[in-house]
Amino acid sequence: MIDIKKINGNVCASKGFLSNGIYCGIKKNKEKKDLAIIYSNTLCSVGAVYTQNKACGANITVSKEHLKDGKAKAIICNSGNANTCNKNGVEIAKEMCKLTADVLNIDEKEVAVASTGVIGVPLPIEPIKNNIKQLIDNANHSEEHAKNAASAIMTTDTFMKEVAYEFEIDGKTIHIGGIAKGSGMIHPNMATMLAFLTTDCNITSEMLQKALSEDTKSTYNMVSVDGDTSTNDMCVVLANGEAGNTLIDKEDENYKIFCQALNMTNTYLSKAIAKDGEGATKLIECEVINAESLALARKIAKSVITSNLVKAAMFGCDMNWGRISCAIGYTEADFDINKVSINVGSKYGEMNVYKDGFGVEFNEDEALKILKEDEIKVTINMNCGNYKATAWGCDLTYDYVKINGSYRS
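Reading the values: the criteria
Residues numbered from 1 in each chain as written. Predicted model: local features only at pLDDT ≥ 70, side-chain atom pairs only at ≥ 80, totals over all residues. Heavy atoms only, no water. Axes fitted to C-alpha atoms, helices over the stretch in contact; angles between N-to-C directions. Helix = DSSP H or I, 4+ residues; strand = E, 2+ residues; numbered from the N terminus. Parallel < 35°, antiparallel > 145°, perpendicular 65-115°, else oblique. Left-handed = near helix turned anticlockwise from the far one by under 90°. Contact = heavy atoms within 4.5 Å. Nonpolar A, V, L, I, M, F, W, Y, C, P; charged D, E, K, R; others polar. Buried < 20%, exposed > 50% of the residue type's maximum accessible area, 1.4 Å probe, protein only. Expected span 1.5 Å × (residues − 1). Polar contact = N/O pair within 3.5 Å; in protein donor to acceptor, adjacent residues only side chain to side chain. Pairing = 2+ DSSP bridges.

Asker: Which residues make up the packing of helix H2 (residues 89-104) against helix H3 (residues 126-137), and what are the values?
Answerer: Remark: H2 packs on H3, axes separated minimally by 10 Å, with the N-to-C direction vectors making an angle of 40°. With respect to each other, H2 and H3 are oriented oblique. Classified by chirality, the crossing of H3 by H2 is right-handed. Contact residues: Glu-95, Met-96, Leu-99, Thr-100, Val-103 and Leu-104 in H2; Ile-128, Lys-129, Ile-132, Lys-133, Ile-136 and Asp-137 in H3. For the contact of H2 with H3, the per-class residue count stands at seven nonpolar, one polar and four charged.

Asker: Help me get a handle on the environment of Ile-106, residues and values and all.
Answerer: Following the sequence through the fold, Ile-106 ends up in the loop between H2 and strand S5 (111-118). By relative accessible area, Ile-106 is classed as buried at 17%. For the pair Ile-106 and Ala-72, spaced 34 residues apart in sequence, the C-alpha separation works out to 9.8 Å.

Asker: Tell me what's going on with helix H6 (residues 253-275), and back it up with residues and numbers.
Answerer: The end-to-end C-alpha distance of H6 is 33 Å, a good match for the 33 Å that 23 residues give at a rise of 1.5 Å each. Capping of H6 at its N-terminal end is provided by Asp-252; its side-chain oxygen lies 3.2 Å from the backbone amide nitrogen of Asn-254.

Asker: Any details on the sheet that holds strand S12 (residues 349-355)? Residues and values, ideally.
Answerer: Pairing between the strands of a sheet is mediated by backbone hydrogen bonds and can be parallel or antiparallel. Taken together, the six strands give an open sheet; going across it, the order is S13-S12-S11-S14-S10-S15, and neighbouring strands pair in mixed fashion. Edge strands, defined here as strands with exactly one partner in the open sheet, are strand S13 (358-359) and strand S15 (387-394). Taken together, the seven bridges between strand S10 (residues 283-291) and S15 define a ladder with antiparallel strand orientation. Considered in S15, the bridge of Val-288 is made with Ala-389. Taken strand by strand, helix H7 (residues 294-305) contacts S10, strand S14 (375-381) and S15, and its axis lies near 20° from that of S15.

Asker: Now, about H7: what can you tell me, with residues and values included?
Answerer: Between its first and last C-alpha atoms H7 spans 17 Å; for 12 residues at 1.5 Å apiece the expected length is 16 Å, and the two agree. Residues of H7 that are buried: Leu-296, Ala-297, Arg-298, Ile-300, Ala-301, Ser-303, Val-304 and Ile-305. As for H7, its buried residues are in contact with S10, helix H8 (308-315), helix H9 (321-329), S14 and S15.

Shape descriptors only; they carry no functional weight alone.
Right, here's the structure in full:
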């Protein structure tokens, strides 16, 4: 049994990493931080995944170029402006990297850059240029400064998304931690909105990239808030090797242990993102079990979690199972709907509402008590195989429209 335990902290739980976050002047609200740094003095192996949106942010273009050799030392990130669809976007993103590199005395290609916020508004470089030295000079390994970084990458998020775990490989204690942001414009097809992970595990860039690329399929790619794949989605993992374990350079038992810890980290952050959907009052988890294939299980789970009608029913505490069966039924895959059963539950209890293609009688008062909880689980039994998958989303509320109806203002 692998012992992986949750610990306090996030990106600075791993040895050798420093971070910070400050207000520099990009956001209108001076009470909200808008510039973050995460870095290691040791050159790191790096793994990264990016949005599949063709209208991607300039930070995606620059980071892909900088990280193509699998090595990096730092991540610089601003919030409040996505630096997307701007004529000088790439120039600004490169300048952010250069400013960071100059202060850290490293090569600018060792810097990944991220931006998040409103699209199509030019990002001024002056606030960053004027405050980058202060940001980096005051960075350290403390949990307080790690929280500053977690806060500085937020936009419409209502809480910080952070987590850290500890485990052992070869008798060496290893840490992995991360921060993420994401509340709206979130839909499967990449990784997450923004997620930055650090680990002191000694692992090659090739194995780190393989682990991350595979893990995102079952974590961040299974999250949907509103069906919109963002322009700036990006997940970066830095591994500086300071734990001193034997180098992981192949798919052995040590690699499997690392992958399990990575999955726990990404799963935690994925659920946090889904729960913090813009205007959301409920986290919705959809688990598909006993499917004929993993691909089928994932398709069904995502179909249900992205249905606006399902999301609206959850908000209204309406046990309208017909919307769930509808979302299952229009999924583009081959399966027998007459073998499917649906259960809906929460910490209050669970009930079967659909079986073998037909609705099941249930008590409306009991159903209301189940759906009034803030975490709802939909379990779909396909009864045709041994594969399973889970997706996460949230309810659709009046506040989602209010937030996004005036986002630019």
